[in-house]
Each structure stands twice: as C-alpha cells, then as structure tokens.
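Fold and geometry: a report
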Amino acid sequence: LIGGARVSGKVGTSDIGVLNMQTESLGTLHANNFTVARFKQELPNRSNLGAILVNRQGTGDLAPEDDYNRTFALDGKLGYGKSGQVAGIFAQSFTPGVNSKRHAFKIGTTYDVPSFSISANFTEVANFFNPEVGFLQRRQGPFRNTIGEPQPGGYRKPDGLVLFRLRPKNFMGIQELRPHVSYRGYWDFNDFQVSGFLHVDNHWEWKSGHEIHSGVNFTREGVFTEFEIFPGIKVPTGTYDNRELMLVFITNPGAWWSLESRWTMGGYFSGNRVSVGNTAKIRLGEALNTEVGWTRNDINLPQGDFITNLIRWRLSYSFTPRLFLQSLLQFNDRADLRSTNLRFGWLQSANTGLFVVYTETNGWDDADPRLPSDRQLTLKYSRLFDVLQ
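This is a predicted model, so every value here is computed, not measured.

**Digging into the pairing of strand 6 (residues 84–94)**
Of the strand pairs in this sheet, strand 5 (residues 68–80) and strand 6 are connected by 11 bridges, and their pairing is antiparallel. Counted as the bridge partner of Gly76 is Gly88 from strand 6. Looking at chain direction, strand 6 and strand 7 (residues 103–113) are connected through nine bridges and run antiparallel. Directly across from Ile89, in strand 7, lies its bridge partner Lys106.

**As for the pairing of strand 4 (residues 47–59)**
Two faces make up the sheet, and in a regular strand the side chains alternate between them. Pairing between strand 3 (residues 31–43) and strand 4: 13 bridges, direction antiparallel. Of the residues in strand 4, the one forming a bridge with Thr35 is Asn55. The antiparallel pairing of strand 3 with strand 4 creates a hairpin that spans three residues between the two strands, and Asn45 there sits at a positive phi of about 60°. Sheet topology places strand 4 next to strand 5; 10 bridges connect them, and they run antiparallel. Counted as the bridge partner of Gly50 is Asp75 from strand 5.

**So, the pattern of salt bridges**
Note on pairing: side chains with opposite charge can pair once their charged atoms come close. Applying the stated criterion to the full structure yields 15 salt bridges. Among the ionic pairs, Lys40 bridges to Glu42, the shortest N-O distance being 3.5 Å. Given a relative accessible area of 24%, Lys40 falls into the partly exposed group. A salt bridge links Asp67 to Arg56, with the shortest nitrogen-to-oxygen separation between them at 3.0 Å. Taken together, the residues Asp67 in the loop between strand 4 and strand 5 and Arg56 in strand 4 connect sequence positions 11 residues apart. Like Arg56, Asp67 is buried. Several salt bridges share partner residues, and in doing so they unite Arg167, Glu176, Arg178, Glu205 and Glu211 into one network.

**Quick word on the packing of aromatic side chains**
Inspection of every chain in the model, using the stated rule, returns 11 aromatic pairs. Between the aromatic rings of Phe192 and Phe224, the centroid separation amounts to 6.2 Å while the plane-to-plane angle is 75°, which identifies the pairing as edge-to-face. Taken together, the residues Phe192 in the loop between strand 10 (174–187) and strand 11 (193–206) and Phe224 in the loop between strand 12 (211–223) and strand 13 (227–230) connect sequence positions 32 residues apart. Judged by relative accessible area, Phe192 falls into the partly exposed class, the value being 26%. Take Phe224: its relative accessible area is 45%, and that puts it in the partly exposed class. Ring geometry for Phe227 against Phe269: centres 5.9 Å apart, planes inclined by 65°, an arrangement best described as edge-to-face. Of this pair, Phe227 sits in strand 13 while Phe269 sits in the loop between strand 16 (257–268) and strand 17 (271–284), and the two are 42 residues apart along the sequence. Grouped by ring-pair contacts, the aromatic residues Tyr80, Tyr111, Phe116 and Phe164 constitute a single cluster. For Arg70, the ring lying beneath its charged end belongs to Tyr68, and the centroid distance is 4.2 Å. When the ring centre of Phe197 is taken as origin, the NZ or CZ atom of Arg184, which lies over that ring, is 4.3 Å away.

Calculation criteria
- Residues numbered from 1 in each chain as written.
- Predicted model: local features only at pLDDT ≥ 70, side-chain atom pairs only at ≥ 80, totals over all residues.
- Heavy atoms only, no water.
- Pairing = 2+ DSSP bridges.
- Helix = DSSP H or I, 4+ residues; strand = E, 2+ residues; numbered from the N terminus.
- Salt bridge = Lys/Arg side-chain N within 4 Å of Asp/Glu carboxyl O.
- Buried < 20%, exposed > 50% of the residue type's maximum accessible area, 1.4 Å probe, protein only.
- Phe/Tyr/Trp six-rings, centres within 6.5 Å; stacked < 30°, edge-to-face > 60°.
- Lys NZ or Arg CZ within 6 Å of the ring centre and 35° of its normal.

These figures come from the coordinates and say nothing about function on their own.
The structure is reproduced here in structure tokens:
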C-alpha cells in the first residue's frame, strides 16, 4: 500500500464520503487504484436516498488492458406512519467479459411497535454479480472456474420475522416474554433449495436480568457437490432435512460477572450434532473487561465422527476514557491454528487518533511447515477537521 486519502463529512442534511488508495506492484502482481464514493441525502420521517460507487482499476506497466471492476448501487428508505419503513437497494457490477446477469437487489419492509415487530425481505443476487472490492456474505458457487471462465453463483433469498413482546404483571417474576418465528431460505436459479432455516423460539427474561431462550430449528441443506467436511469425511450430494433443539442460558449481564451457555442438539446432514458454547465474562469497575469462551461441536455422521473446539480469550483495559488496550487470543483445533490480536488506541475525537495493531496467526505446532504463519504490525493515525470552516 503506497498511500491514500479520505474525505468525509456532513453538509446540511447530506452525508458525503470519498476514499482513494493506491497499491504498488509486487512480483507479477500489478498495481491497483481503489476508489469509493458515497452520497446519502436525509429526508423527513426516517427516510433517505443514497448512492455509492466502488471502483478497482489496474495501473502500471504490468496491468492488462481493460483490467477493472466497478460496482454502482442506489439505496433508500421510506418511512410510513410512526412505525413502518420500506427499504431497498439495487446494485450492478461491471467486469470485462461479463455483460448480463450482473445485478443484485434487496427490498423489504418492517413495522415495529412496542408490542410486536414484523419484517419481510426478498434478496436476489444474479449469477455474475461480482463486487471485487468488498464481499458477498454468501455465494452459491465460484464466480470463475480454474481457467478463469465465469461460472454461475447467484441466489434468491426470502426472509421474515414475526416477534411479540409480552410483559405480564405478575408471573414468576418475568419481565418480558418474546415469542417469535423467523425464516430464511436460499434457492439457486434452477429452483434448487440450497438451505432453509425456520426458527421457532421464546425468550424468557426475568426482572433479575437472567434469560432463557427455548427454541426449535427446522433446517434444510441441499448439497449439489460432494465436499469434505473433515479430513477423510465427505458429505454426499442430496437434500437433508433436520430438526434441532436450541437452549440458551444467560445470567444477569449487568452484574460484575455473568455466564452464557448455548446448546444445540439435533440432526446434521445425514447424522447428528451436539454443539455447546460457554462464555464467562468479568467486569471490574469501568476499566477492565474480560471474557473466556469455549465452543465444542461433537458431530456423528455415517461416514465418520469428529469433534471440533474453538477457545477464545478477550481482554480490554482502559487506562483513561481515551487510552485503551484490547486483546483477542483464539485457538482452533479444526484448523490447528492459534491467533493473537493486540490493539492499542489513543482516541482524540470522533473515534480518531492513534491506533497500533499487532496480529499474529500460526500453527499450534511451529515445527510443521505446512501450517501458515503470518505476522502484521499496523500503525494508523487519523485526525478530523472541518474543511468548510
């Protein structure tokens, strides 16, 4: 990274931001220029209208002709009444050699009042929508195959939520009950359902701050290509319908210590899974926060059994309201990796100031050369000033 510049701010009821960065060539990799430009206009009644342009342009002698990727999007929200809102976004990417099926859009509505909430959305990502600068949370297949030819990778996704908030006057010391039902499903453009998730749950919250979540999930996973889920264990093609029980126990998070335990038990592809996640949190005054978590998955399939573990330790200490140190340590026995992230911050105003970040990822067995090793040290200083005054 050679350098870059960013300008952002508010002019009246408009938000404007522009960022440009330039990278250098490295070996056979050519240099690139990146630009992001964003505009949003605030409107009455929780409404707004915005646009964004994201561009990557190959630069330098090594860059081939017509090497670029651009994504343009329009988005907006329209409030109706005091509690309703309709929101939508339409985007399109531009990549050399791709001239069709390169759009994406989402439209949805929400209605939120103290006693209940309802939402419904529909998302479509076309087969060749390809935002290189950024990411997609999900893609059904690779955008390009091993020889660089475009491949289908889009989906259609409906999702929705109906949630009620009930506050009984005198029932077992309960503060609030939140029964709810949610659903999300993914289909490819051949009408093959890749996944489905129906969640039926109730949250029991006591006046003491303790909570219990008791739910049932109805899942569907469609596998159109056999894949290896664990070394030596493969999941065959097919459609797998399962049910699983989910229980969550949370002690009062406002206390100086708290515990959270999440249990999921039920079907998993053609077998069964028991997933347990436990987290302990400690807060000493306003300066020290720490938590230790452990997630264990015990999976039994006809093709074989395996267990995975993820252990994490998070620590945050504030010397002053503007001076802090944060750390995150993780160990993943599935990938046999350990990672460390240390972050020192000296805030000035509006989340600007000096930041020093050290990140290290390596294999648990340092003697094994096949395991990756990576160390990074990042120094960042930002200062906010008003160019119009």
